[in-house]
Amino acid sequence: MKILIATPLVLGAALVTPAVPAYASISASQATTDGWVRLANLSPTAGTCDLYLYSFGNSKALMVLRDVDYGRVSAYSALPAGDYTVTMRVSGRPASSPAVASTALMLMGNMEYTVAAMGTGAHERFQTIDDSSSVASGKSAVRILQAADTTTRTAEIGKQQVGSNLTFGDITHYQTVAAGSQQVSVSTSDGTASTDVQLSPNSTHTLVVLNGSKGPQISALTDAAGTIARPSGGAATGFGGTAPRPLSSPLPWLAMIAAGAFAFAMGRRRRASSRSSSRSSSR
Amino acid sequence: MTRPTWLRALGLAVAAAGVAGLLASRASGTPVPAPARATIAEQRLLTPRLGGGTASASDASPVELIIPAIGVRTRLIRLSLRQSGALQVPSTTTVAGWFDDGPAPGQPGPAIIAGHVDSFKGPGVFFDLSQLRRGDRIYVRRSDGTMAVFTVTVVHLYLKSAFPTTAVYGPAPGDQLRLITCGGTFDYQDRSYLSNVVVYAVAATTGPL
């Protein structure tokens, strides 16, 4: 799977949003809210394809994924919340050629999506799947996406059943499982498959059941991951050497001015009185 | 010199010193010049070659952080948790550190890097962090020589008393980076800043898994 980024995606995002000085985005909180999207070819019948992502109504693609084989899923890209179009074309055809399938994507900020080509036979189409990053602390959350045109009778992680009787296009809810090294196994109408997956604490995953060359095949995707340990609160990363000094009390300085003024006044008086006394003595 | 003249002169001098001291104490702290933003040429120089535009996933640990826009180039030390459960910070203000109980830069999830905004005397390694803006590039060199490249999406200032640990440390899609330093008001009684600056960045390249 080759990748060609017509406009580097995040740079494209930066162009869409007028650049604001950092202090402005600090004070104005979140100027732009990004959402996340990944594109996939999960259509067993579409063959290798090119996937295009457009800002809605714009004919110049933000991103083009070329030669995407069945089963391939892109990494997530961050995009400003808004409307987009995802289009599939036969691999190698020009961007002006008619689309095999197309879908609109309403991308919400702080949300994550998988937009997957998931058609069968004559009817190629896209399915937009809401992904999740929420998981119980220290655990993993896992779901099964049936992208094989068979029936998965059971899907298990360790000894925990996470799906049953799944047909093409079915997707289960996320289910909480223990983090760590786990064995995933599926039993389908086309045979069985099992694989080991590494589930880090505080992560969510989609396990995709695909048509393999010999029976089913499992592809493990990471939907979201957090730090393993979660620090409490913020970080103590400053000693104040560049902070504005607090204003000290002006009293000592005012006292000094007063003392000076007093001494000055005393000096005048003494001079005045000594002058008058010398005048009187000369008489 | 007669005594009254001498007293008058002293009085004037003391009063003048008092006025000068008062004015000096009202003036704000020493201004620290901000380093100039790296020139385009420098940025180009620092831009690493990326082999074929493929995903730069790697298990290697991060060793160096480069932020051309604010002239940062520092080695990275490793950070863990303090006994209190708070994020450990570098013991020196001139280097940044990577929190190693979480994703490494270029792995899925938020990679955490913290550095000081200042020392007791002057600017620290992340003094200009809050100057970063959307679209600025951040480079992290790893022990295997590969480079993870990120793009700034947003910069936030959070009160430490209301620090959003889920947003910063919690599960997130894609390869992300968070740079953390101090900001806001400095509390001279507690000798600490009341806020944190957090820079959010995402992997600048997108690629197949």
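Rules used throughout
Residues numbered from 1 in each chain as written. Chains lettered and ligands numbered in written order. Predicted model: local features only at pLDDT ≥ 70, side-chain atom pairs only at ≥ 80, totals over all residues. Helix = DSSP H or I, 4+ residues; strand = E, 2+ residues; numbered from the N terminus. Buried ≥ 20, exposed ≤ 12 C-beta atoms within 10 Å, placed from the backbone. Contact = placed C-beta atoms within 7 Å. Nonpolar A, V, L, I, M, F, W, Y, C, P; charged D, E, K, R; others polar. Pairing = 2+ DSSP bridges. Axes fitted to C-alpha atoms, helices over the stretch in contact; angles between N-to-C directions. Core = buried A, V, L, I, M, F, W, Y, C linked by C-beta atoms within 7 Å. pLDDT = per-residue confidence, 0-100.

**What to know about the overall build of chain B**
In step 1: Along its length, chain B carries three helices and eight strands.
In step 2: In chain B, the succession of α and β elements from N to C terminus is α-α-β-β-β-β-β-β-α-β-β.
In step 3: Residue burial in chain B is summarised as follows: out of 209 residues, 46% are buried.
In step 4: A sequence separation of at least 24 residues applies to 58% of the contacts in chain B between residues at least 6 apart.

**Details of the overall build of chain A**
In step 1: Across its full length, chain A carries three helices and 17 strands.
In step 2: Buried positions account for 42% of the 283 residues belonging to chain A.
In step 3: Sequence-distant contacts in chain A: of pairs separated by 6 or more residues, those separated by 24 or more amount to 61%.

**What about the environment of Val-168 of chain B?**
Residue and element names in this part refer to chain B.
In step 1: Inspection of the secondary structure puts Val-168 in helix H3 (residues 165-169).
In step 2: Distance from Val-168 to Val-199, taken between C-alpha atoms, is 9.7 Å for residues 31 residues apart in sequence.
In step 3: Excluding residues within four positions of it along the chain, Val-168 makes contact with Pro-110, Arg-178 and Val-198.

**Here's the deal with the interface of chain A and chain B**
In step 1: Between chain A and chain B, the contact holds 79 residues from the first and 84 residues from the second.
In step 2: Of all the elements in the fold, those that place two or more residues in the side of chain A that touches chain B are helix H1 (9-16), helix H2 (22-27), strand E2 (34-41), strand E5 (77-80), strand E16 (203-211), strand E17 (216-225) and helix H3 (251-282) of chain A.
In step 3: When residues of the side of chain A that touches chain B are assigned to their parent elements, the largest contribution, 16 residues, is made by H3 of chain A.
In step 4: Partitioned by chemical class, the residues of the side of chain A that touches chain B number 44 nonpolar, 25 polar and 10 charged.

**Considerations on unusual backbone geometry**
Peptide bonds are, in most cases, trans, and in most cases residues other than glycine have a negative phi.
All names here are of chain A.
In step 1: A positive phi angle, near 55 degrees, is found at Asp-67, a position not held by glycine.
In step 2: Along the chain, Asp-67 turns up in strand E4 (residues 63-68).
In step 3: Look at Asp-67 and you get partly exposed, because 17 C-beta atoms sit within 10 Å.

**Notes on the sheet that holds strand E13 (residues 175-177) of chain A**
Residues and elements named next belong to chain A.
In step 1: Pairing is mixed in the open sheet, where four strands are placed in the order E13-E10-E16-E17. The open sheet has two edge strands with one neighbour each: E13 and E17. Adjacent strand axes in the sheet meet at a mean angle of 30 degrees, parallel and antiparallel pairs treated alike.
In step 2: Bridge count for strand E10 (residues 140-146) against E13 is three bridges, and the pairing is antiparallel. Across the sheet, the residue bridging to Ser-140 is Val-177, located in E13.

**Quick word on the sheet that holds strand E2 (residues 72-79) of chain B**
The strands making up a sheet are joined through hydrogen bonds of the backbone, oriented either antiparallel or parallel.
In step 1: In space, the eight strands of this closed barrel follow the order E1-E2-E3-E4-E7-E8-E6-E5 (chain B), with mixed pairing throughout. Each strand axis lies, on average, 35 degrees off the axis of its neighbour in the sheet, ignoring direction.

**Regarding the nonpolar core**
In step 1: Leu-53, Val-86 and Ala-117 of chain A together with Ile-113, Ala-114, Phe-150 and Val-199 of chain B are the most contacted members of the largest nonpolar core, which totals 106 residues.
In step 2: Apart from residues lying up to four places away in sequence, Val-199 of chain B is in contact with Leu-129, Leu-132, Val-152, Val-155, Arg-178 and Leu-179 of chain B.

**Describing the environment of Leu-76 of chain B**
Residues and elements named next belong to chain B.
In step 1: Turning to its location among the elements, Leu-76 is positioned in strand E2.
In step 2: Overall, the presence of 22 C-beta atoms within 10 Å leaves Leu-76 in the buried class.
In step 3: Here the alpha-carbon distance between Leu-76 and Tyr-188, two residues 112 residues apart in the chain, equals 29 Å.
In step 4: In contact with Leu-76, not counting residues within four places along its chain, are Pro-62, Val-63, Glu-64, Leu-65, Ala-96, Gly-97, Trp-98 and Ile-113.

**Section: the pairing of strand E6 (residues 82-90) of chain A**
In step 1: With seven bridges connecting them, strand E3 (residues 49-55) of chain A and E6 of chain A associate as antiparallel partners. Residue pairing across strands places Ser-55 of chain A opposite Tyr-84 of chain A, the latter belonging to E6 of chain A.

**Some thoughts on the confidence of the model for chain A**
Segments scoring low in pLDDT should not have their predicted coordinates read at a detailed level.
In step 1: When pLDDT is averaged along chain A, the result is 86; 84% of the residues meet or exceed 70.
In step 2: Every residue in residues 5-30 of chain A scores below 50 in pLDDT, and together they form 52 contacts with partners more than four places removed in sequence or on other chains.

**Brief notes about the confidence of the model for chain B**
In step 1: Put simply, chain B has an average pLDDT of 83, and 80% of its residues get 70 or more.
In step 2: Ignoring residues within four places in sequence, the model shows residues 29-56 of chain B, a span with pLDDT below 50, making 40 contacts including any to other chains.

**Looking at the environment of Gly-47 of chain A**
All names here are of chain A.
In step 1: Position of Gly-47 relative to the elements: it lies in the loop between E2 and E3.
In step 2: Gly-47 gets classed as partly exposed once you count the C-beta atoms within 10 Å, which come to 14.
In step 3: Taking the C-alpha atoms as reference points, Gly-47 and Lys-214, separated by 167 residues in sequence, lie 18 Å from one another.

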